[in-house]
Each structure stands twice: as structure tokens, then as C-alpha cells.
Amino acid sequence: MSKYTVKQLAKLANVSVRTLHHYHQIGLLIPAYIGANTYRYYADNELLRLQQILFYREFGMGLKEISILLDKPDFDTRNALLAHKARLASEMKRYRDLIATIDRTIAGIDGEKTMKNQNLYKGLTAEENANYESDLVNIHGEKIKEHIATSKAHNAKKSDTMRGKDMDELAEIETGLAAFMHAGVRADDAKTATLIARHRDWVSGMWGRDCPPQAHVNLAEMYETHPGFQARYESIATGYTKYLCDAIRAHSG
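Analysis parameters
- Residues numbered from 1 in each chain as written.
- Predicted model: local features only at pLDDT ≥ 70, side-chain atom pairs only at ≥ 80, totals over all residues.
- Heavy atoms only, no water.
- Helix = DSSP H or I, 4+ residues; strand = E, 2+ residues; numbered from the N terminus.
- Buried < 20%, exposed > 50% of the residue type's maximum accessible area, 1.4 Å probe, protein only.
- Contact = heavy atoms within 4.5 Å.
- Areas by Shrake-Rupley, 256 points an atom, 1.4 Å probe, with all protein chains shown as cover.
- Axes fitted to C-alpha atoms, helices over the stretch in contact; angles between N-to-C directions.
- Parallel < 35°, antiparallel > 145°, perpendicular 65-115°, else oblique.
- Nonpolar A, V, L, I, M, F, W, Y, C, P; charged D, E, K, R; others polar.
- Arc of directions from axis to C-beta.
- Pairing = 2+ DSSP bridges.

A. Seen up close, the overall build of the protein. The helix and strand tally for the protein stands at 13 helices and three strands. Looking at the 253 residues of the protein, the share that counts as buried comes to 34%. Summarising the internal contacts of the protein: among those between residues at least 6 apart in sequence, 58% fall at separations of at least 24. Accessible area of the protein: about 15000 Å², with a carbon and sulfur share of 54%.

B. Structural context of the packing of helix α10 (residues 193-207) against helix α11 (residues 213-225). Packing of α10 against α11 brings their axes to within 11 Å, and their N-to-C directions diverge by 90°. Between α10 and α11, the angle falls in the class roughly perpendicular. Facing α10, whose interface residues are Ile-196, His-199, Arg-200, Val-203 and Trp-207, α11 presents Pro-213, Ala-215, His-216, Leu-219 and Tyr-223. Its residues assigned to classes, the contact of α10 with α11 shows seven nonpolar, two polar and one charged.

C. How the structure looks around helix α1 (residues 6-13). Taken as a whole, α1 has its buried residues at Val-6, Leu-9 and Ala-10. Around the axis of α1, the buried residues are gathered within 105° of arc, so they sit on the same side. Those residues of α1 that are exposed and aimed more than 90 degrees away from the buried face are Lys-7 and Lys-11. The inward-facing, buried residues of α1 contact β1 (4-5), α2 (17-25), β3 (40-42) and α3 (44-58).

D. Fine view of the sheet that holds β3. Across the sheet, which stays open at both edges, the three strands sit in the order β1-β3-β2 with antiparallel pairing between neighbours. Unpaired on one side and paired on the other, β1 and β2 (33-34) mark the two borders of the sheet. Judged from the two bridges that link them, β1 and β3 form a sheet pairing that is antiparallel. The residue of β3 that forms the bridge with Tyr-4 is Tyr-42.

Here is the structure:
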């Protein structure tokens with residue numbers, strides 16, 4: 001059985017002694033026992049619990065929420081680790097795609113090779129954009145699954161050239177809106193209406209069916225709350241997510 005003092009565990013886990021003292025005070029990480037010398041000692045179970053705490057903190061969860069979760073009778077450390085692994089693997093792939101996109105973009109800026117517009121958007125291909133529609137199930141329920149299946153089937157029939165043209169069109173729309181935003185044009189200005197209409201037509205092209213104004217607004221709501229879309233749109237420009245969604249709502253009346 002492992003046995004660590006506060007100082008030893010702090011060094012091992014790369015946290016401060018003060019942090020471990022705080023976790024003890026709030027009941028989040030209680031030592032295995034207190035020695036006759038009044039030292040706190042931590043054993044294997046406490047090491048595993050601290051690992052979970054640090055994982056959940058890395059994912060942005062608050063200490064109170066972590067405590068509630070870890071103290072649930074049915075909490076399973078192994079299942080939690082598998083979930084962490086799956087989440088990190090997904091994030092790792094996304095970051096690899098983003099890094100590759102940055103490298104390609106820099107190479108294009110430096111004139112090393114021609115940068116195709118669709119490569120600006122690696123990490124969110126047309127197919128992945130269609131897959132994100134599955135999140136709409138949470139909003140509209142099972143009835144929308146048929147539309148999702150239609151979208152996937154529609155995009156599966158497209159050639160690489162057609163997919164490239166789709167992403168070229170999206171690039172023009174989004175860079176145009178970003179230019180308006182940087183120029184101080186309000187999202188609800190008439191100038192953005194044409195680009196929003198093109199965006200709705202682009203969505204229709206992805207779906208393989210018409211995208212009514214209300215459906216476009218529903219997409220905007222998902223864009224604002226979905227981490228994948230948020231990360232992508234904010235990489236275009238800080239504040240772009242809100243600008244796009246405000247413009248969609250403004251011109252969908």
C-alpha cells in the first residue's frame with residue numbers, strides 16, 4: 001500500500017500543499033489517516049480519487065459538483081477513466097486537425113504552396129457538419145432522425161469536387177460575415193441579409209431539403225451552445241459565434 005504525506009503527494013500530483021489542505025477542509029479529499037505526528041497520510045484510494053478530481057477540474061467542473069459525483073454510491077473509477085480516455089481521444093483528434101490546419105494556413109501565407117479554401121475548414125468537413133445535426137434530436141426529439149438520415153444519404157452521394165465547392169461557398173459566406181463584423185456592421189444590418197440567405201441555402205444543400213427560417217434559427221441556437229461549433233466560429237474571429245447567430249435570427253423573420 002502506498003503512503004504519502006501531504007508534501008509528497010503535492011509533489012507527485014503537481015499541486016500545492018495548500019490545495020490538498022483545502023480539499024481536506026471541504027471534505028473532497030480526506031487523508032487515509034492522521035499519524036501520531038499529526039501528519040496527513042494518503043494511500044492508494046486517495047491517490048485515485050485525487051486523479052479523478054484533477055481530471056474533472058481539467059474538464060472545467062466545479063469542486064462542489066466533483067464532490068457530489070465522486071460520492072455517488074454507483075460511481076465507478078474504471079468507467080470514469082474510460083470516459084475520460086474517450087473524451088481526450090476525441091479532443092486529441094480535434095486538436096491534431098486544428099494544428100494541421102494552422103500549419104497549412106501558415107504555409108499558404110508564406111507562399112510555400114497554394115492554400116485551398118476548403119482546407120481552411122479542416123476539422124469541420126461537410127460530412128461532420130451534417131453529423132452535428134444529431135444534436136437537434138435533443139431539441140426536437142425522435143421526429144427529426146428521418147431528416148438526419150436524409151442529410152447523410154444526400155452528402156454521401158457527393159463527389160470530392162462537389163464537397164470542395166460546398167466548403168468554398170461556406171468559406172466565402174463566413175469570411176464575408178467576419179469582414180462585416182470587423183468593419184462594425186451590425187448583425188441585423190441589411191448588408192448581412194444576402195450572406196445569411198446564402199448560408200441558409202448552403203444548409204439546405206447539406207440537408208438535401210429546404211431549410212425553413214425557423215429551422216435556421218434552431219441551428220443558430222445549437223451553434224451558440226455546441227462546443228464544437230463555438231470553438232470553430234471563435235477561431236474565425238472572437239465574437240463571431242454571436243454575430244452569426246444574431247444575423248441569422250435577424251433575417252429569419
